[in-house]
Amino acid sequence: MADSEPQVENSEESQDVDIKKETTPNGGDSSTNNNTVDEQNGENGYVRKIDDVMSAKALWTTDPSVAIKLRCGDTGPQSDDPITVVSVFEETVKKLPKGLALAVKRNGDWVKWTYEEYYNDVRIAAKAFIKLGLEPYHSVSILGFNSPEWAIADVGCIFACGLATGVYTTNSPETCKFVLSDSKTNIAVVENDVQLQKILGIWDDLPHLKAIVQYTGELKEAKENVYTWKEFMAKAEGVPDSVLQERLMMQAPNKACSLVYTSGTTGNPKGVMLSHDNVTWISRQHGNNVHYKFGVEVAVSYLPLSHIAAQLMDIHIPIAFAGVIYFAQPDALKGTLRDTLKEARPTAFFGVPRVWEKFMEKMVEKGKSVTGVKKMIGTKAKEIGLRGVYAKMNKESMPFGWTLANMMVFNKVKAELGLDRCAMTYSGAAPISHETIEYFYSLNIPLLSVFGLSESTGPHAVDTVTDFRIGSVGKETPGCETKIADPDEDGNGEICLRGRHIFMGYIGNEEKTSEAIDQAGWLKSGDIGKQDKDGFLYVTGRIKELIITAGGENVAPVPIEANVKEALPCVSNCMVIGDQKKFLSMLITLKVEMNPDTGAPSDALTAEAVEWCKSVGSEATTMADVLDNKDKDVLKAIQAGVDKANEKNTSRATKIQKWSILPTDFSIPGGELGPTLKTMRPKIVKKYEDTIEAFYSES
């Protein structure tokens, strides 16, 4: 298979690991590494270590059993010695065996794992996977909410030389079937009976699947080859260390250890193959870049672990820096997240834009009850806070009253949110509004941006607490490279990425892999953007989302949508339409209450939307009030907001000429949003094709 892999030429700007590095011990004291086995290499005898790089012919592959070349450099971060996930974990356990690693609240009490206990459970899980029939470079698919068992299964699979594969809990049975089949899943690990039934229903169509493990609760009925977590861990009994050692020695930094599936917005999901070096190199570089301290950092895990951001932040970076992970409750986004934050008091917190928006909405609502002197002090403090964070950004002196505002207001607000120890607050995965950023700036909570893809193993570019800029996604992580391909007159072009964090290839998909990575090793991100003179990266759109009007104008929809949302605080989502059309139109949804159990939108407007309606003279409290009665005050005010947004658009081709309010907000259950809350544009176009057709049939 390796001989058939496409050859990728190396550029002069970097060099790949040479044969000497592949066949000699990889630095350090060999007495501290237990993962060794005697192997002979022709006339030159040597003891191979798990961290020795294997021979490779190309920079990418679609076969998970094939090694790839590493894009190492002679100096700087690119020259760091390659290392496996296994060795990183072992190094941390040796340094801090009794340090707290994992914690989850069950039956009202925190259940905790030290790093030594975490490591031991990972080894037990690895042996149990082998016992159940996990084959090298086949997958363990994990389907459920974040938990210590999720992390143990993930890393245990890697130890057993499998491919750790996260599956979104919101995936339909059909999508689950595709992922488990595409990844050749041998074992599925599921959270509860709901997810168990999903896999049981498709098992007959999964020839590689040998067993299922349910990690919470008891099984409702006994089934062959279906196990509880306790039964699963017991399977390790009798499996000797030598069997696990054989699996460990099949591995190398330049071989695959994990699969991350894309959301599949334009077709079937693609399995992004990540190597040990992808994961360990970017974990160390990101941690060093944002100044993580070993054995100090604390985080809360609640975003889907099937997403690369959560896998890095909640599993691999904590292992590299001996961080502590507190797992939120499954109903975290229904209101309990703040409770977990207040108990864990994280030092770093990552949220998608919708999480920050929810925090803001509740804080604004609570602030309305504050009156008198207290309100006056709060208002003044927020003015100082906004100026202060901008002063930090611009490296200027802090405004008068900054220290007092922190003592009297900001520190109390942070404590109420559970962020009083939080030095790093991040937003990523989707665009965030200027309004939301400035709201948190005004409370001395700088929302720092991070940019990356599954294919770049997460954080390619990131703001830091000492170097950030509003509107940008930060500067590239040291050791990573950025190129803007074919820039236009404003400097915008496709953002291309290169470095040791770039993925190995899409499993079993040579066509898509060759489309994604060019002959010089550059990953084509599909995002449009530019860099300023100081190196800050700005994302201005996506190529796949780019609208080409009937007049040939190229229009990026995201900035237009952001302008509308900024002008209309009642708007939850909006989407520009106009590909191959004479003019632009827009689908608009208003903010409504979401069902906390199903995630589906209700008919009731949120308190913020109701207040906005009142401000424009309307008594509407539901979507029915707005649509059934054709509320003229609301419609008139929305038109005024669209007009205001249009003023920011330079040409007629970028102005919204028609719009329609949809009867319901976008949601995951409705199919309009993906699992990371990204807008599923093709599905929305299809779902509302009659509404869209009406825009243009009358023109």
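Going by the structure above, here's the rest.
Residues numbered from 1 in each chain as written. Predicted model: local features only at pLDDT ≥ 70, side-chain atom pairs only at ≥ 80, totals over all residues. Heavy atoms only, no water.

With that settled, consider the overall build of the chain. Each helix and strand counted, the chain has 22 helices and 30 strands in total. Taking 699 residues into account, the globule formula puts the C-alpha radius of gyration at 27 Å, and the chain, at 26 Å, falls close to it. Projected onto its principal axes, the C-alpha coordinates of the chain cover approximately 85 × 60 × 55 Å. Residues counted as buried form 56% of the 699 residues belonging to the chain. (Helix = DSSP H or I, 4+ residues; strand = E, 2+ residues; numbered from the N terminus. Rg over C-alpha atoms; globule rule 2.2 N^0.38 Å. Buried < 20%, exposed > 50% of the residue type's maximum accessible area, 1.4 Å probe, protein only.)

Attention shifts here to the sheet that holds strand β22 (residues 523-531). Strand pairs in the sheet, formed through backbone hydrogen bonds, run parallel or antiparallel to each other. Strand order in this open sheet of four strands is β19-β20-β22-β23, and the pairing throughout is antiparallel. Of all the strands in the sheet, the pair left with one neighbour each is β19 (481-485) and β23 (537-542). Ignoring strand direction, the axes of neighbouring strands in this sheet form an average angle of 50 degrees. (Pairing = 2+ DSSP bridges. Axes fitted to C-alpha atoms, helices over the stretch in contact; angles between N-to-C directions.)

The next thing to look at is the pattern of salt bridges. Across all of its chains, the model carries 30 salt bridges by this definition. A salt bridge links Lys105 to Glu343, with the shortest nitrogen-to-oxygen separation between them at 2.8 Å. Taken together, the residues Lys105 in strand β3 (residues 100-106) and Glu343 in helix α11 (residues 337-344) connect sequence positions 238 residues apart. Close ionic contact of Glu481 with Arg498 constitutes a salt bridge, the shortest N to O distance being 3.1 Å. (Salt bridge = Lys/Arg side-chain N within 4 Å of Asp/Glu carboxyl O.)

Another point: the side chain of Lys414. Summarising the element assignment, Lys414 is placed in helix α14 (residues 402-417). The buried charged residue Lys414 lacks any salt bridge partner; its closest oppositely charged side chain belongs to Asp420, at an N-O distance of 9.6 Å. When residues no more than four places from it in sequence are discounted, the contact partners of Lys414 are Leu419, Asp420, Leu443, Asn444 and Ile445. (Lys, Arg positive; Asp, Glu negative; His and termini not counted. Contact = heavy atoms within 4.5 Å.)

In the structure shown here, the tally under the stated rule is 22 aromatic pairs. Residues Trp110 and Tyr326 carry aromatic rings whose centres are separated by 5.1 Å and whose planes lie at 90 degrees to one another, so their mutual orientation is edge-to-face. Placement of the pair is Trp110 in strand β4 (residues 109-114) and Tyr326 in strand β13 (residues 324-327), with a sequence separation of 216 residues. Between Tyr390 and Tyr441 the ring centres are 5.7 Å apart and the planes differ by 80 degrees, which places this aromatic pair in the edge-to-face class. Pair noted here: Tyr390 is in helix α13 (residues 372-393) and Tyr441 is in helix α15 (residues 434-441), with a separation of 51 residues, a long-range link. When sorted by exposure, Tyr390 lands in the same class as Tyr441, which is buried. Each member of the aromatic cluster is reached from another via a ring pair, and the members are Tyr302, Phe349, Trp356, Phe359, Tyr439 and Phe440. (Phe/Tyr/Trp six-rings, centres within 6.5 Å; stacked < 30°, edge-to-face > 60°.)

Residues in a regular strand point their side chains to alternate faces of the sheet. One ladder, built from five bridges, connects β22 with β23; its direction is antiparallel. Bridge pairing in β23 places Asp527 opposite Arg542. Two successive antiparallel strands, β22 and β23, enclose a turn made up of five residues, where Gly535 displays a positive phi of approximately 95 degrees.

Let's shift gears to α13. In this model α13 runs 32 Å from its N-terminal to its C-terminal C-alpha over 22 residues, within 8% of the 32 Å that 1.5 Å per residue would give. Listed in full, the buried residues belonging to α13 are Gly378, Ala381, Ile384, Gly385, Gly388, Val389, Tyr390, Ala391 and Met393. On its buried side, α13 packs onto α14 and α15. Remark: Lys395 follows α13 within two positions and exhibits a positive phi of approximately 60 degrees. (Expected span 1.5 Å × (residues − 1).)

A separate point is the pairing of strand β6 (residues 163-167). Counting buried residues along β6, five of its five residues qualify, which places the element largely inside the surrounding structure. Side chains of β6 alternate between two faces, with Leu163, Thr165 and Val167 and Ala164 and Gly166 buried alike. Pairing analysis gives five bridges linking strand β5 (residues 139-143) to β6, with the strands arranged parallel. Within β6, the residue paired with Ser141 across the bridge is Thr165. In this view, the connection linking β5 to its parallel neighbour β6 by way of helix α4 (residues 148-159) has right-handed handedness. Judged from the two bridges that link them, β6 and strand β10 (residues 256-261) form a sheet pairing that is parallel. (Right-handed = clockwise from strand over helix to strand, strands pointing away.)

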